[in-house]
Amino acid sequence: MYKHILVPTDGSKLSVKAIRTAARLAELCGAKLTGLCVTPPYVAPVHAEGMTYGMVSPRSYKDLKEKEAKKALAVVDIEAQTSGVAALSKISLTADQPWKAIIGVARSKRCDLIVMASHGRRGLSALLLGSETAKVLTHSKTPVLVCR
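Calculation notes
Residues numbered from 1 in each chain as written. Predicted model: local features only at pLDDT ≥ 70, side-chain atom pairs only at ≥ 80, totals over all residues. Heavy atoms only, no water. Helix = DSSP H or I, 4+ residues; strand = E, 2+ residues; numbered from the N terminus. Buried < 20%, exposed > 50% of the residue type's maximum accessible area, 1.4 Å probe, protein only. Areas by Shrake-Rupley, 256 points an atom, 1.4 Å probe, with all protein chains shown as cover. Pairing = 2+ DSSP bridges. Axes fitted to C-alpha atoms, helices over the stretch in contact; angles between N-to-C directions. Contact = heavy atoms within 4.5 Å. Right-handed = clockwise from strand over helix to strand, strands pointing away. Salt bridge = Lys/Arg side-chain N within 4 Å of Asp/Glu carboxyl O.

Draft legend 1. The arrangement of the overall build of the protein chain in detail. In terms of regular secondary structure, the protein chain is built from five helices and seven strands. Its helices and strands in sequence order give the protein chain the pattern β-α-β-β-β-α-β-α-β-α-α-β, from N to C terminus. Within the protein chain, the proportion of its 148 residues that are buried is 36%. By element, 56% of the accessible surface of the protein chain is carried by carbon and sulfur atoms, the whole surface being about 9,200 Å².

Below you can see the structure in the form of C-alpha cells.
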C-alpha cells in the first residue's frame, strides 16, 4: 500500500506516538521510513530599554538545535529498528515555516504518506499558536495520517 512514509518530529512525547504509528505502519506495508526534524532559524537578540533579551550566540543556538534534532531523530531510529523497518533516513533542517519544509521533503523524497502528531489545540489557542499539522493537511497533496 504505502512505499515511503515521512514522520516529522519535534521531540515531544506526542511525536513519539506518531513515530511508533509510522514505524508499525511501515513494517506492515514493507515501506521505507524517513524521519524529519525541522527547527526554526536563529533570531537575533532583541534590545529594549537598555536590556537585551535572548542572549544566545548563533553558534550556541545552532549547537543546541542540532543536539535536540539528533535526540528527536534517535527515537525514529529506535522505533524503526524495533519494528524491523529496513530502510531508514533521517533529515534535519532549518526553516521559517516547518509545514512548508515538511511538504517539500515529502515531495522531494517521493513519500506517499505523512504521519504526524497534532496537539489538538482548539479555539483561541489554535488561532493564536497556529498548527503545523493543520497547515500540512490544508496544503499537502500527500495523504496525512494525524495521531493524537
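Resuming the write-up.
Draft legend 2. Broad picture of the sheet that holds strand 1 (residues 4–8). Reading across from one edge, 5-2-1-6-7 is the order of the five strands in this open sheet, with parallel pairing throughout. The open sheet has two free edges, formed respectively by strand 5 (88–94) and strand 7 (144–147), since each of these has just one partner strand. Averaged over all neighbouring strand pairs, the angle between strand axes comes to 20°, with direction disregarded. As paired strands, strand 2 (residues 32–39) and strand 5 are joined by seven bridges and run parallel to one another. Bridged to Cys37 within strand 5 is Ser92. Contacting strand 1, strand 2 and strand 5, helix 2 (residues 58–83) runs over the sheet at an angle of about 160° to strand 2. On the sheet, helix 5 (residues 132–139) packs against strand 6 (113–117) and strand 7 and is oriented at approximately 160° with respect to strand 6.

Draft legend 3. Up close: the pairing of strand 1. The buried count for strand 1 comes to five of five residues, which makes it a mostly enclosed element. By the alternation rule, side chains of strand 1 split into His4, Leu6 and Pro8 and Ile5 and Val7, which are all buried. Here five bridges tie strand 1 to strand 2, and the two strands are oriented parallel to one another. Bridging from a neighbouring strand, Leu6 pairs with Thr34 of strand 2. Note that the unit made of strand 1, helix 1 (residues 13–29) and strand 2 has a crossover that is right-handed. Where strand 1 and strand 6 come together, two bridges link them in parallel fashion. The residue bridging Leu6 from the neighbouring strand is Ile114, located in strand 6.

Draft legend 4. Broad picture of the pattern of salt bridges. The full count for this structure, using the stated rule, is five salt bridges. Across the pair Glu79 and Arg20 runs a salt bridge whose closest N-O atoms are separated by 3.2 Å. Of this pair, Glu79 sits in helix 2 while Arg20 sits in helix 1, and the two are 59 residues apart along the sequence. A salt bridge links Asp77 to Lys90, with the nearest nitrogen and oxygen atoms 3.4 Å apart.

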